[in-house]
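# Observations on the model geometry
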Amino acid sequence: MGTVEVRGFGDLRNIFEERGWPFPLSVTLEDTTTAGALAKKLDIPLHNIEVAFVNGLAQGLDYPVKPGDRLAFVPPGTPGPYRVFLGFIQKNKSD
């Protein structure tokens, strides 16, 4: 068992503020999960998340997250060139 540091960027940061969560939020995990399952556990709507950064790398919501990881949810709306540079391309399976 351990914790994951969770952040939300852009409009997702508002969810943290509205709920009075610290930034970053420490979430206890008993075992490996996925970024999407963790978003559901936190009641963050999946349609508001385009990509998850896990330990600094862009990943899809099906990417495994384990205790000790750092996770950041990013909403849709990142401008085109940055999507390529940051590695968003083909990470969101719903496209």
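It should be emphasised that the depicted structure is a prediction, and the values quoted were computed from it without experimental measurement.

Another point: unusual backbone geometry. Following Phe23, the chain continues into Pro24 via a peptide bond in cis, with omega recorded as 10°. Following the sequence through the fold, Pro24 ends up in the loop between helix 1 (12–18) and strand 2 (25–29). Despite not being glycine, Asp43 shows a phi value in the positive range, around 60°. As for its placement among the helices and strands, Asp43 is situated in the loop between helix 2 (35–41) and strand 4 (51–54). You will see that Asn55, though not glycine, has its phi angle at about 55°, which is positive. Looking at the element boundaries, Asn55 is found in the loop between strand 4 and strand 5 (57–59).

In this structure, Val6, Leu38, Ile44, Leu71 and Phe73 are the most contacted members of the largest nonpolar core, which totals 19 residues. Where this core is concerned, the elements lending two or more residues are strand 1 (2–8), helix 1, strand 2, helix 2, strand 4 and strand 7 (70–74). Once you skip the residues sitting within four places of it in the chain, Ile44 turns out to touch Leu12, Ile15, Phe16, Arg19, Trp21, Ala39, Ile49 and Phe73. In terms of nonpolar packing, the next biggest core, distinct from the first, is built from 5 residues, Val51, Ala58, Ala72 and Val74 among them.

Applying the stated criterion to the full structure yields 4 salt bridges. The salt bridge partner of Arg7 is Glu5, with a shortest N-O separation of 3.0 Å. Looking at Arg7, the relative accessible area reads 22%, which means it is partly exposed. A residue is classified by how much of its surface remains accessible, and Glu5, at 31% relative accessible area, is partly exposed. Taking the shortest distance from any N to any O, the salt bridge between Lys66 and Asp69 comes out at 3.3 Å. Judged by its relative accessible area of 43%, Lys66 is partly exposed.

Pairing in this open sheet of 5 strands is mixed, and the strands run 2-1-7-4-5 from one edge to the other. A single partner strand is all that each edge strand has here, and the edge strands are strand 2 and strand 5. Across the sheet, the axes of successive neighbouring strands diverge by a mean angle of 30°, strand direction being ignored. Sheet topology places strand 4 next to strand 7; 4 bridges connect them, and they run antiparallel.

Here is what the cut-offs are and how they apply
- Residues numbered from 1 in each chain as written.
- Predicted model: local features only at pLDDT ≥ 70, side-chain atom pairs only at ≥ 80, totals over all residues.
- Heavy atoms only, no water.
- Helix = DSSP H or I, 4+ residues; strand = E, 2+ residues; numbered from the N terminus.
- Core = buried A, V, L, I, M, F, W, Y, C linked by side-chain atoms within 4.5 Å.
- Buried < 20%, exposed > 50% of the residue type's maximum accessible area, 1.4 Å probe, protein only.
- Contact = heavy atoms within 4.5 Å.
- Salt bridge = Lys/Arg side-chain N within 4 Å of Asp/Glu carboxyl O.
- Pairing = 2+ DSSP bridges.
- Axes fitted to C-alpha atoms, helices over the stretch in contact; angles between N-to-C directions.

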